[in-house]
Amino acid sequence: MKMHKVLGLMSGTSLDGLDLAYCNIWESNNKWHFSIADTHSVSYDAAMRSKLKNAITLPAEELFVLNNSYGTWLGEQAKAFINQKKMEVDFISSHGHTVHHRPEKGLTYQMGSGQHLANASGHTTICDFRTNDVALGGQGAPLVPIGDRIFFGDYDFCLNLGGISNISFEHNGKRVAYDIGLANMVLNYITQKIDLAYDKDGALAKTGSLNIDLLHRLNALDYYKLPFPKSTGYEWFMEKVVPLVEGTEDSIENLLHTCIHHICEQLAIQVKEHTYKKSTLWVTGGGALNGFLIQTLQEKLGADVQVIKPPPTLIEFKEALVFALMGVLRMERKTNVLCSVTGAKRDSSSGVKFLPH
Ligand SMILES: Nc1ncnc2c1ncn2[C@@H]1O[C@H](COP(=O)(O)OP(=O)(O)OP(=O)(O)O)[C@@H](O)[C@H]1O
Ligand SMILES: CC(=O)N[C@H]1[C@@H]2OC[C@@H](O2)[C@@H](O)[C@@H]1O[C@H](C)C(=O)O
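Nothing here was measured: the structure is a model prediction, and the numbers come from that model.

Draft legend 1. Focus on the site of ligand 1. Lining the immediate surroundings of ligand 1 are 21 residues, of which Thr13, Gly163, Asn188, Asp201 and Gly286 lie closest. One of the backbone nitrogen or oxygen atoms of Ile164 is found 3.5 Å away from an oxygen atom of ligand 1. The fraction of the free accessible surface of ligand 1 (650 Å²) that becomes covered by protein chains is 88%. Elements with a minimum of two residues in the shell around ligand 1: strand E8 (157-161) and helix H6 (184-191). Classifying every residue of the shell around ligand 1 by side-chain character gives 4 nonpolar, 12 polar and 5 charged. Split by domain, the residues of the shell around ligand 1 number at least three in each of domain 1 (3-140 + 320-354) and domain 2 (145-313).

So this is what it looks like as structure tokens:
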């Protein structure tokens, strides 16, 4: 039995920071297993956050320069963590930071140069997990469902509440998954108006009341009518959602309260459409720590769907763990991207390997 010792790196769309998960991953009796030995998060400072946020507006030359320096920065963070904890690491598996995601144009771009990362950390690095799937006609996202299936297949639904919400489940014998729509991205956008990074536990949202007009407008967004597979992101948010929020004069509390109702209504519609029995819904991502959101979600789902929160390490580091798994599958030349999820022509073993120099 081969034990893979992998450092998974994830920088999500919420721009809160870099997640590092040091994982042991092994296969026995035709089943993959994991343990998370250690974790660490590096919060982005204001300068880094604004660099990453504005990267989408950069001309090519500046973007390439940032790609290199961000790759070096990732490598330095990985090296510091590895040295501090005296870890034995076989390789690093890094998602990078999504800057452009336009699968309909055949384009997806995660920043964080693999060569720079490998050189700065001194470890073999696998990254760029999405490009191949988009080249095969897929959405290039979401990718985490392979991990949901392999590690967390006992739950009927796996829901992740990051910047955007996404869900995965078995459907006619195949794993399907897609981005449902809004989650923390819109909540953070609203709290940032009062210089608050996020609404801890949904405390502000809880004191607000419903703005019916905004709720209807959000629920009417075209994206929700599209069939899956589908994925969305920051561009959609800026183009379609921000104008609705900006066009509504109301208190921060009411805006947050209304957005939480909207988020939970869309989640409940999707879960109810695909369930016919008592079900379990396993929730990860920072949104799982928002008490008011989880309470509202349970109310909208009703008694037949049980919302389950894993321990905090999995809530926060599931994605870093799954990118570690994707690296292992890539090393073993096994499928790590499912076309049933992304809509690509075929399954693939994606990711590009860089050796340190
Ligand atoms: N205690 C908390 N109460 C309320 N919200 C929280 C709490 N902790 C985290 N969050 C929310 O979760 C967000 C971070 O979530 P997460 O780390 O899952 O996002 P991400 O990985 O960046 O996103 P994605 O999965 O879309 O790429 C924070 O920005 C915040 O909005
Ligand atoms: C292109 C991109 O980075 N998409 C992210 C984003 O954040 C959440 C959702 O939109 C999901 O599709 C995906 O991330 C997770 C990690 C995934 O691929 O499963």
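Draft legend 2. Expanded view of the pattern of salt bridges. Applying the stated criterion to the full structure yields 14 salt bridges. Note that Glu239 is salt-bridged to Arg102, the shortest N-O span being 3.3 Å. Of this pair, Glu239 sits in helix H9 (residues 234-246) while Arg102 sits in strand E5 (residues 97-102); the two residues are 137 residues apart in sequence, bridging distant segments of the chain. For Arg102, a relative accessible area of 23% gives the class partly exposed. Here Lys278 makes a salt bridge to Asp304, at a shortest N to O gap of 3.0 Å. Separated by 26 residues along the polypeptide, Lys278 in the loop between helix H10 (252-273) and strand E11 (279-284) and Asp304 in the loop between helix H11 (291-301) and strand E12 (305-308) bring together distant segments of the chain. For Asp304, a relative accessible area of 46% gives the class partly exposed. A single network of salt bridges, built from pairs that share partners, joins Glu27, Glu332 and Lys334.

Draft legend 3. Region of the structure containing the domain arrangement of the protein chain. On domain assignment, one finds that the protein chain holds domain 1 (3-140 + 320-354) and domain 2 (145-313). If you look at the interface, domain 1 gives 29 residues, while domain 2 gives 25 residues. It is Leu338, Ser340 and Val341 that lose the most area in domain 1 upon contact with domain 2, and together they represent 23% of the buried surface on that side. Here domain 1 is connected to domain 2 by 1 salt bridge.

Draft legend 4. Here's a closer look at the nonpolar core. Residues Leu159, Ile167, Leu182, Val186, Val241 and Leu281 are the most contacted members of the largest nonpolar core, which totals 48 residues. Ignoring sequence-local partners within four residues, the contact set of Leu182 consists of Gly163, Ser165, Leu218, Tyr224, Trp236, Phe237, Val241, His262 and Ile263. Core analysis: the next-biggest nonpolar cluster, separate from the first, contains 32 residues, Cys23, Phe91, Met326 and Leu329 among them.

Draft legend 5. Structural detail: the sheet that holds strand E4 (residues 91-94). The strand order across the open sheet built from 6 strands is E3-E2-E1-E4-E7-E13, with neighbouring strands paired in mixed fashion. One side of each edge strand has no neighbouring strand; the edge strands of this open sheet are strand E3 (31-43) and strand E13 (352-354). Going across the sheet, the axis of each strand differs from the next one's by a mean of 25 degrees, ignoring polarity. Bridging between strand E7 (residues 125-127) and E13 involves 3 bridges; their strand directions are antiparallel. Paired with Ile126 across the two strands is Lys353, which belongs to E13. Contacts from helix H2 (residues 60-85) reach strand E1 (3-11), strand E2 (17-28), E3 and E4 within the one sheet, and its direction differs from that of E2 by about 60 degrees. Most of the contacts of helix H3 (residues 114-121) go to E7, to which it runs at about 155 degrees, and overall it touches E1, E4, E7 and E13.

Draft legend 6. Broad picture of the pairing of E1. E1 sits mainly inside the fold: 7 of its 9 residues count as buried. Here E1 runs beside E2; their pairing, made up of 9 bridges, is antiparallel. Pairing of Lys5 across the sheet is with Asn24, part of E2. Here E1 folds back onto E2 in antiparallel fashion, the turn holding 5 residues, of which Leu15 has a positive phi close to 60 degrees. Two strands pair when backbone bridges link them, and E1 and E4 are joined in this way by 4 bridges, in the parallel orientation. Within the sheet, the bridge partner assigned to Leu9 lies in E4 and is Ser94.

Draft legend 7. Just the site of ligand 2, in detail. Taken together, 15 residues are adjacent to ligand 2, and Thr98, Arg130, Leu143, Val144 and Asp179 come closest. Note that an oxygen atom of ligand 2 is positioned 2.5 Å from one of the side-chain N or O atoms of Thr98. At 2.8 Å from an oxygen atom of ligand 2 is found a main-chain nitrogen or oxygen belonging to Leu143. Bound to the protein, ligand 2 loses 96% of the 430 Å² it would expose on its own. Elements represented by at least two residues in the shell around ligand 2 include exactly E5 and helix H12 (312-331). Split by residue class, the shell around ligand 2 holds 6 nonpolar, 6 polar and 3 charged. Counting contributing residues per domain, the shell around ligand 2 is built from domain 1 (3-140 + 320-354) and domain 2 (145-313), each supplying no fewer than three.

What counts and what doesn't
- Chains are numbered independently. Their residues run from 1 in the order of the written sequence.
- Starting at A for chains and at 1 for ligands, labels are handed out in the order in which the entities are written.
- Only residues with pLDDT of at least 70 get local features here, since the model is predicted, and only at 80 or more are side-chain atom pairs given and counted; chain-wide, interface and lining totals rely on the full set of residues.
- Side-chain numbers here rest on the full set of heavy atoms in the structure, without hydrogens or water.
- The cutoff for a nearby residue is simple: one of its non-hydrogen atoms must lie within 4 Å of the molecule or strand.
- The definition of a polar contact used here is a pair of N or O atoms within 3.5 Å, where within protein one atom must be able to donate a hydrogen and the other to accept one, and adjacent residues in sequence count solely through side-chain atom pairs.
- For every accessible area listed, the method is Shrake-Rupley and the probe measures 1.4 Å; residues are considered covered only by the protein chains on display.
- Helix and strand labels come from DSSP, where a helix needs a run of H or I of at least four residues and a strand needs a run of E of at least two; each type is numbered from the N terminus.
- When residues are sorted by character, Ala, Val, Leu, Ile, Met, Phe, Trp, Tyr, Cys and Pro go into the nonpolar class, Asp, Glu, Lys and Arg into the charged class, and all the rest, Gly among them, into the polar class.
- Domain start and end points were adopted from an automatic or database domain assignment.
- We define a salt bridge as a side-chain nitrogen of Lys or Arg found within 4 Å of a carboxyl oxygen belonging to Asp or Glu.
- Buried means the residue's accessible area, taken with a 1.4 Å probe over protein chains only, is under 20% of the maximum for its type, while exposed means over 50%, and partly exposed covers the values in between.
- Residues count as neighbours in contact if any of their non-hydrogen atoms are within 4.5 Å of one another.
- As used here, buried area is the combined drop in accessible area, with a 1.4 Å probe, of two parts when they are placed together.
- We define the nonpolar core as a collection of buried residues of types Ala, Val, Leu, Ile, Met, Phe, Trp, Tyr and Cys that are connected through side-chain atoms lying within 4.5 Å of one another.
- In this analysis, strands are considered paired if DSSP registers two or more bridges between them.
- In this description, a line fitted to the C-alpha atoms serves as the axis of each element, helices being fitted only across the stretch in contact, and the angle between N-to-C directions of two axes falls anywhere from 0 to 180 degrees.

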